[in-house]
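Now for the letters of each chain:
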Amino acid sequence: MIAAASHWRLHVLVLLTTFVLFPLFGLASKPLLSPLVTPTLYAGVLFLCTLPSTVQSSIAFTACMN
């Protein structure tokens, strides 16, 4: 665990990508998707952009419990 914790830059990169970059991509895609999809479908796309962070957190918490 100490060796893994020493790779803090990698952990920060993964966290920022998952929790910041993916949701920002979802928000930034609204002008492109608005003419093509309904507001409900766009909400689904935005949900999928935030889903990886939710799933990743669930997997991490489950792995810690085992």
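Residues numbered from 1 in each chain as written. Predicted model: local features only at pLDDT ≥ 70, side-chain atom pairs only at ≥ 80, totals over all residues. Heavy atoms only, no water.

Here we look at the confidence of the model for the protein chain
Here the protein chain averages 84 in pLDDT, while 83% of its residues score no lower than 70. Averaged over each element, pLDDT in the protein chain is lowest for helix α4 (residues 39-65) (78) and highest for helix α3 (residues 30-33) (94). (pLDDT = per-residue confidence, 0-100. Helix = DSSP H or I, 4+ residues; strand = E, 2+ residues; numbered from the N terminus.)

A closer look at the side chain of Thr 18
Looking at the element boundaries, Thr 18 is found in helix α2 (residues 8-28). According to the relative accessible area criterion, Thr 18 is buried, its value standing at 6%. In terms of polar contacts, Thr 18 uses its side chain to reach the backbone carbonyl oxygen of Val 14, at 2.9 Å. (Buried < 20%, exposed > 50% of the residue type's maximum accessible area, 1.4 Å probe, protein only. Polar contact = N/O pair within 3.5 Å; in protein donor to acceptor, adjacent residues only side chain to side chain.)

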